[in-house]
Amino acid sequence: MHNSKKIKSALISVFHKDGLAPIVKKLDALGVQIYSTGGTQKFINDLGVEVIPVEEVTDYPSILGGRVKTLHPKVFGGILNRQDNDSDVAEMAQYEIPQLDLVIVDLYPFEKTVASGAAEQEIIEKIDIGGISLIRAAAKNFKDTLCVSSMEDYDYLLELLNEGNGETSFDDRRKFAARSFNISSHYDTAIFNYFNSDHSIASLKFSEMKGKVLRYGENPHQRGFFFGDFDAMFDKLHGKELSYNNLLDVDAAVNLMLEFEGEAPTFAILKHNNACGIAQRDTVRQAYVDALAGDPVSAFGGILISNTKIDAAKANELHTLFCAVDIAASFSEEALEILKV
């Protein structure tokens, strides 16, 4: 394993404990010395796993209502020391600083607290200080330290521990560092946007964590991504994953059909963001026939969209034309079965 490091010690201090138990038990089975604080320390003790309180390392208790727990040179020294630097190694021994090979820390739920409508003081208390500092320190020193900054990465970490028997590669640690800086930058963006809600500071900061890798980009040799909550906008009923170009066409189709929302049956066929044909008639069937007549050649492989329900009879007719995506306000069960074939 390239530049592998054996995990011998870990600092675990998290707000969210779901999914943590298997990791703690695995670390214990590997003989890893675990350090922890507060509620996480109790959680680990309740699992029957030995844990050293951080207070025993720092000789300093958690103070100021828990605001200061891990902000201490003996903690950050254990994370930030360079194991190939003789001076760092000597100082670690001189000041009796324990090495920390793995840091598992997450952040207070700032965004959820803001969204809940909580009072400002409660929101301020959810601005994490120790956690964000630990994440930045461990991610910065990824050459020697593995940083896990979200419960979303617990499964990935457990897989790594099982496969490597407690050893991690340079590439593993760098990937986790990137994930950690993704978490920390998003967190700081949310805090800034809360304080700048009146836009008194002329600065735009935007962070979107929900990203989806598409089959390809505008061309097959390019990569494509979708950012946002796709499932909140559409119900995918059948078919393969959408491509970048599919999504551009879908966006154009939906924006076009919004102009006819609640009106008489309307049908449109789009290709490359342009309408090949659109028609509004007394029936959706006639609207489809006339929309197709606009440019039946370009309609092949396009996007079909209707502002009304598609029934079995209409589905049978649509099924004769190859299309990339079929969008409608709703589909009957019979229509879905036909279109899925």
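Residues numbered from 1 in each chain as written. Predicted model: local features only at pLDDT ≥ 70, side-chain atom pairs only at ≥ 80, totals over all residues. Heavy atoms only, no water.

(A) Local environment of the environment of Ile129. In this structure, Ile129 sits in the loop between α7 (120-125) and α8 (130-140). Put simply, Ile129 and Thr70 are 59 residues apart on the chain and 9.7 Å apart in space, counted from C-alpha to C-alpha. (Helix = DSSP H or I, 4+ residues; strand = E, 2+ residues; numbered from the N terminus.)

(B) Region of the structure containing unusual backbone geometry. One non-glycine residue, His199, lies in positive phi territory at about 60°. Relative to the elements of secondary structure, His199 occurs in the loop between α10 (170-195) and β8 (211-213). We note that His272 has phi near 55°; this positive angle belongs to a residue other than glycine. When its relative accessible area of 59% is taken as the criterion, His272 is described as exposed. (Buried < 20%, exposed > 50% of the residue type's maximum accessible area, 1.4 Å probe, protein only.)

(C) Region of interest: the environment of Ala29. Its location among the elements puts Ala29 in helix α1 (residues 21-29). By relative accessible area, which is 66% here, Ala29 ends up exposed. For the pair Ala29 and Asp128, spaced 99 residues apart in the sequence, the C-alpha separation amounts to 31 Å.

(D) Representation of helix α15 (residues 333-340). Looking at α15, one finds that the buried residues are Ala335, Leu336 and Ile338. Along the axis of α15, the buried residues cluster in a sector spanning 165°; they form a single face. In this fold, the buried residues of α15 make contact with β13 (309-310), α14 (312-318) and β15 (330-331). (Arc of directions from axis to C-beta. Contact = heavy atoms within 4.5 Å.)

(E) Just the packing of α8 against α10, in detail. Two numbers describe how α8 lies on α10: the axes approach to 9 Å, and their chain directions differ by 150°. Considered as vectors, α8 and α10 are oriented roughly antiparallel to each other. Considering how the two elements wind past one another, α8 and α10 form a crossing that is left-handed. Contact residues: α8 offers Ile132, Ile135, Arg136, Ala139 and Lys140, while α10 offers Ala177, Ser180, Phe181, Ser184 and Tyr187. Of the residues assigned to the contact of α8 with α10, the class counts are six nonpolar, two polar and two charged. (Axes fitted to C-alpha atoms, helices over the stretch in contact; angles between N-to-C directions. Parallel < 35°, antiparallel > 145°, perpendicular 65-115°, else oblique. Left-handed = near helix turned anticlockwise from the far one by under 90°. Nonpolar A, V, L, I, M, F, W, Y, C, P; charged D, E, K, R; others polar.)

(F) Local environment of a nonpolar patch on the surface. Together, Val213, Phe225 and Phe227 make up a nonpolar patch on the protein surface, roughly 320 Å² of accessible area in all. Summarising the element assignment, Val213 is placed in strand β8. (Patch = residues over 30% accessible without salt bridge, like charges linked within 9 Å, V, L, I, M, F, W, Y side chains within 5 Å. Areas by Shrake-Rupley, 256 points an atom, 1.4 Å probe, with all protein chains shown as cover. Salt bridge = Lys/Arg side-chain N within 4 Å of Asp/Glu carboxyl O.)

(G) Seen up close, helix α12 (residues 244-257). With 14 residues, α12 extends 20 Å between its outermost C-alpha atoms, agreeing within 8% with the 20 Å of an ideal straight helix rising 1.5 Å per residue. The set of residues buried in α12 consists of Asn246, Leu247, Asp249, Val250, Ala253, Leu256 and Met257. Elements that come into contact with the buried residues of α12 comprise β9 (225-227), α11 (230-233), β10 (266-271), β11 (274-280), β12 (302-306) and β14 (323-327). (Expected span 1.5 Å × (residues − 1).)

(H) View of the side chain of Lys74. With respect to the helices, strands and loops of the structure, Lys74 is situated in helix α4 (residues 73-80). No salt bridge forms around the buried Lys74; measuring N to O, its nearest opposite-charge neighbour Glu96 is 4.6 Å away. Leaving out residues up to four positions away in the same chain, Lys74 has contacts with Val57, Tyr95, Glu96, Ile97 and Pro98. (Lys, Arg positive; Asp, Glu negative; His and termini not counted.)

(I) Fine view of the pairing of strand β3 (residues 33-36). The sheet contact formed by strand β2 (residues 9-13) and β3 spans four bridges and is parallel. Paired with Ile12 across the bridge in β3 is Ser36. Assessed by its sense of winding, the connection that carries the chain from β2 through α1 to β3 is right-handed. Across two bridges, β3 lies against strand β4 (residues 52-53) in parallel orientation. Counterpart to Tyr35 in the pairing with β4 is Ile52. Each parallel crossover has a hand, and for β3 linked through helix α2 (residues 38-46) to β4 it is right-handed. (Pairing = 2+ DSSP bridges. Right-handed = clockwise from strand over helix to strand, strands pointing away.)

(J) Region of interest: the packing of aromatic side chains. If you walk through the whole model with that rule in mind, you get nine aromatic pairs. Ring centres of Tyr156 and Phe176 lie 4.8 Å apart, and the angle between their planes is 20°; this geometry places the pair in the stacked category. One end of the pair, Tyr156, is in helix α9 (residues 154-164); the other, Phe176, is in helix α10, and 20 residues separate them in sequence. Tyr156 gets classed as partly exposed once you look at its relative accessible area, which sits at 22%. Pairing Tyr194 with Phe195 gives two aromatic rings, centres 5.4 Å apart and planes at 85°, and the pair type is edge-to-face. On the basis of relative accessible area, Tyr194 is assigned to the buried category, the value being 19%. Through successive ring pairs, a cluster of aromatic residues spans Phe110, Tyr187, Tyr194 and Phe195. (Phe/Tyr/Trp six-rings, centres within 6.5 Å; stacked < 30°, edge-to-face > 60°.)

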